[in-house]
Every structure is written in structure tokens, then in C-alpha cells.
Amino acid sequence: QSSPNFSKAIAVRSDLDTLIVPLLRTLYFSSSLKHYSANVNAAAKAENGSGNALSPWNCPFRSPSQLYVILILLLLFSQDASFAPDAFRRVFVPSVPWYKERHLKNVTLGSLLMLNLLRSITFNLNRLQDAFLLSNCCAVLMNLSPSVSHLHDYAALRLASVTISSLKKYSIMVEQNGGKEDDGEDMTSVLGMYGEVSRTLVGLLRHCLSPKNIEKNLQLVYALVYHQSDFKAVIAKDNLKQQKAELKRIQLVMVTAEKIISSHASARTAAKALGVLEENMDKLTEAVKGEKNLEADFTFSYEEEADPEIFFVPYIWDVIVCCVTSSSLEWDVGRIGVFPLLDEEEEEENLGDSQEDFGHTEMTSFTSDANDIV
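Below or above, wherever it landed, is the structure these notes cover. Keep in mind the model is a prediction, meaning the values are calculated, not measured. In this convention, every chain numbers its residues from 1, walking through the sequence in written order. Reporting of local features is limited, given that this is a predicted model, to residues whose pLDDT is at least 70; pairs of side-chain atoms are given and counted only at 80 or more, and all residues count toward the totals for whole chains, interfaces and linings. Calculation of side-chain values draws on the structure's entire complement of heavy atoms; hydrogens and water are dropped beforehand.

## What about unusual backbone geometry?
- Positive phi, normally seen in glycine, also occurs at Gln129, with a value near 55°.
- One non-glycine residue, His150, adopts positive backbone phi at about 50°.

Okay, structure coming up:
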């Protein structure tokens, strides 16, 4: 960020996937429960009752600092004006063998990025509840939102389903909070986390369904029609007053698209339904005619701390010691004085925070897999 020439050199590379895909791979595996230690500290279980919450410090082969660095890098990439358009329109990934939920072939880098961010958000909300990781995921999504187009069908379905599930959970939590929504400033509470995610995803949908972009996001329109019953159930509760106008606009697009598909008896498959929507693009455009094109007049950027070396120097040495030189040099890790800085920083945050204390944290080593090196 402090080296604009280096940033420009990275941004103009034609092989962005060689830089981004290894980061997404690590992010993918970090958002899977089986890659975390099964033993949660007994004190943490007693503290939170169910023992559902995890800490990124419990990961067996990577440190939490690695996850922070990955999201910081993705945020820095997304700050560049050319990154998002290139990711969704120009850069394609031939295959993604490590993505197990769906066979992805010839997928755009943008769709793969969207899938991994949605996966991280879901895992973070349900298990980690780490405000820093969550806020950075949301910031990257908002930076990408003006350029989202031609989503992979699975990415479109995941975006629709994660948005609806987040809205459902947030609606329930608002009811439990006496009908009072969060103020949008505090992400230390679970209510605040779900509120931020809901606003981010609804804002993302609004960009995708704007007059400028709706023609390039028919997969998302179809995905919303597919989930329309759940979406209508969320709107029917009418307790999400801050997002009421945006939700109504999204519902209007769904209703219009559903009528178009229903009026054609031949549209019984996804491919045929998409063809019908494409033929009736004028009706969809008319449905969003009153909606202004949302310009990319904002960019969420990474704000560096006053003393970034306290975080980054131990992290770099951890990579050197535990990965780069692990097969050639034998280190006495216990005597490396720079590593405890990460532990001290974590302990200071826990002392000033009302969240659960996850107990004693231990530095863990990185995997020797070169793809997991940042």
C-alpha cells in the first residue's frame, strides 16, 4: 500500500490467478471444521456453554496471523480499480480440484473469489465470530460489488442462499432484541456481525440487479427466483426496517422474473428458464427502471496500524522458520523471542474484550505445502 509502483506492477499482471488462487485455497481449508483441532479448551466450553465457538488459534497447521494476512492481501487487491473487472471478465481458472462442494471448471476468478468469501463469512458467523476477519470479508465483497457479472451458476445460488440465511438469522435476533436493530457501528456482538453481513449482502445484490448490471446477472436472477419462498418469508416479518426499501426492490425483480418464467410452459429447466429471461430482458429492465445505477463512488481500504511491524515481523519469521527453512535448518522455536509478540497482542485484545476467553494459545507450525505459503 505504501509502494504504489509495486501495486501497479501487480495490478497489470495478466496471470492474477497465480497470485490469488493459492490464497483462496488456504482460505477455503481454513473455513472447514475438520481442519481445526477437535479438542476445544474445557474452560472455553464451560464459558460459552455449548462449546460451539472456535478460535483461529486452534488451527493445527496455520496461525491466525496467516488468515489475517490473506484477507488483508485480498482487500489490497480489491482496492485497485482494475482488479474486480478483470477478475469477473478476463481471468478464468481452468479447474479447482481442491473445491469439494462442486466440480468447478473454467470458472472466473471473480466467481471463485465470491464462493470462498461467502464460505468464510458463513463459517466465521457460525463458529469463529472474529470481527476482524468478518469486516475484511465484507469490505472485499463491497469493493467487488460494482463489477460483479456473469457469475457461475453455483456462485449465484450460494450468494442467494447465504443472503437469505443471514437475513433469517438476523431477523430472529432482532426479534429477540425487542425489535431493535444494531446501530451498524458495533461488530463485537453477534447481532452486530449478522447486521453487517446482511447489509453487505443486500447491498451486493442491489448492485447486481441495477439497470446497468442486471442483464449480466441472469444467473443470480434465476437463483433468487429459486429461493423466492424463503425470501418472501423474511420480508413478511417486516422487522428489518433499515433494509426494507432494498428488499422490496429485490422482491420486485423476483416477482417479475417468476411471472416471465411461469408464462412459458417450456421453461422447465434452468437452461430454458435462463433463455426465456434473456428473451424478455426488456421486462426485467423495466422492473428496475426506477432504480438508479449505483456508481463505484466508494472503496474500502486497508488502514494500517501505527506499528505494523509488531504483527508482520513475527509473521514473516514464522513463515521462514516453520516452512521455508524447516527441512534445512533446525530451530529452537522456544527461544525465538519475536514469536510471543503475537501471543501478547492476542492476550491484550482478550483482556479488553467481553467475548469468550478461548484459553491459552500456542503458536502452531505451518504446513510444508508450498501452496499454503503466503
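## Examining the packing of aromatic side chains
- Side-chain rings of Phe, Tyr and Trp, where Trp is taken by its six-membered ring, are said to pair if the distance between their centres is within 6.5 Å; with planes under 30 degrees apart they count as stacked, over 60 as edge-to-face, and otherwise as tilted. Across all of its chains, the model carries seven aromatic pairs by this definition.
- Consider the rings of Tyr28 and Phe29, whose centres lie 5.3 Å apart with planes at 80°: the pair is edge-to-face.
- Any residue under 20% of the maximum accessible area for its type is buried, any over 50% is exposed, and the rest in between are partly exposed; the area is computed with a 1.4 Å probe on protein chains only. Take Tyr28: its relative accessible area is 3%, and that puts it in the buried class.
- Among the residues examined, Phe29 registers a relative accessible area of 16% and is labelled buried.
- Centre to centre, the rings of Phe77 and Phe83 are 5.8 Å apart; their planes meet at 25°, and the pair counts as stacked.
- A relative accessible area of 17% means that Phe77 is categorised as buried.

## Description of the side chain of Asp130
- Relative to the helices and strands, Asp130 is located in the loop between helix 6 (109-128) and helix 7 (131-144).
- Counting of polar contacts relies on pairs of N or O atoms within 3.5 Å, with two restrictions inside protein: one atom must be capable of donating a hydrogen and the other of accepting it, and residues adjacent in sequence are counted only when both atoms are side-chain atoms. Within the structure, Asp130 has its side chain in polar contact with the backbone nitrogen of Phe132 (distance 3.0 Å).
- Within the local environment of Asp130, its side chain forms a polar contact with the backbone nitrogen of Leu133, the two atoms lying 3.0 Å apart. Counting from the N terminus, the helices are the DSSP runs of H or I reaching at least four residues and the strands are the DSSP runs of E reaching at least two.

## So, the packing of helix 6 against helix 9 (residues 190-208)
- Angular values range over 0 to 180 degrees, each being the angle between N-to-C directions of two axes fitted as lines to C-alpha atoms, with helices fitted over their stretch in contact. Remark: helix 6 packs on helix 9, axes separated minimally by 11 Å, with the N-to-C direction vectors making an angle of 160°. Between helix 6 and helix 9, the crossing angle belongs to the class labelled roughly antiparallel. Helix 9 is crossed by helix 6, and the crossing has left-handed handedness. Between helix 6 and helix 9, the residues in contact are Met114, Leu118, Ile121, Leu125 and Asn126 and Met193, Tyr194, Val197, Leu201 and Leu204, respectively. With respect to orientation, any angle under 35 degrees is reported as roughly parallel, any angle over 145 as roughly antiparallel, any angle of 65 to 115 as roughly perpendicular, and every other angle as oblique. Note on convention: near helix rotated counterclockwise from far helix by under a right angle means a left-handed crossing. Clockwise means right-handed. We call two residues contacting when some pair of their heavy atoms lies within 4.5 Å.

## Thoughts on the packing of helix 10 (residues 218-226) against helix 12 (residues 244-262)
- With their axes 9 Å apart at the nearest point, helix 10 and helix 12 run at an angle of 90° to one another. Compared by their axis directions, helix 10 and helix 12 come out roughly perpendicular. Of the residues in helix 12, those in contact with Val221, Tyr222, Leu224 and Val225 of helix 10 are Ile250, Val253, Met254, Ala257, Glu258 and Ile261.
- Gly counts as polar in this scheme, as do all residues outside two lists: the nonpolar Ala, Val, Leu, Ile, Met, Phe, Trp, Tyr, Cys and Pro, and the charged Asp, Glu, Lys and Arg. By residue class, the composition of the contact of helix 10 with helix 12 is nine nonpolar, no polar and one charged.

## Side note on the nonpolar core
- Nine residue types can take part in a nonpolar core, namely buried Ala, Val, Leu, Ile, Met, Phe, Trp, Tyr and Cys, and a core is a set of them joined through side-chain atoms within 4.5 Å. Judged by nonpolar contacts, the single largest core of 96 residues is most densely connected at Leu74, Trp98 and Leu109.
- In this structure, Leu74 is in contact with Ile20, Leu23, Leu24, Leu27, Leu113 and Val140, ignoring residues within four places of it in sequence.

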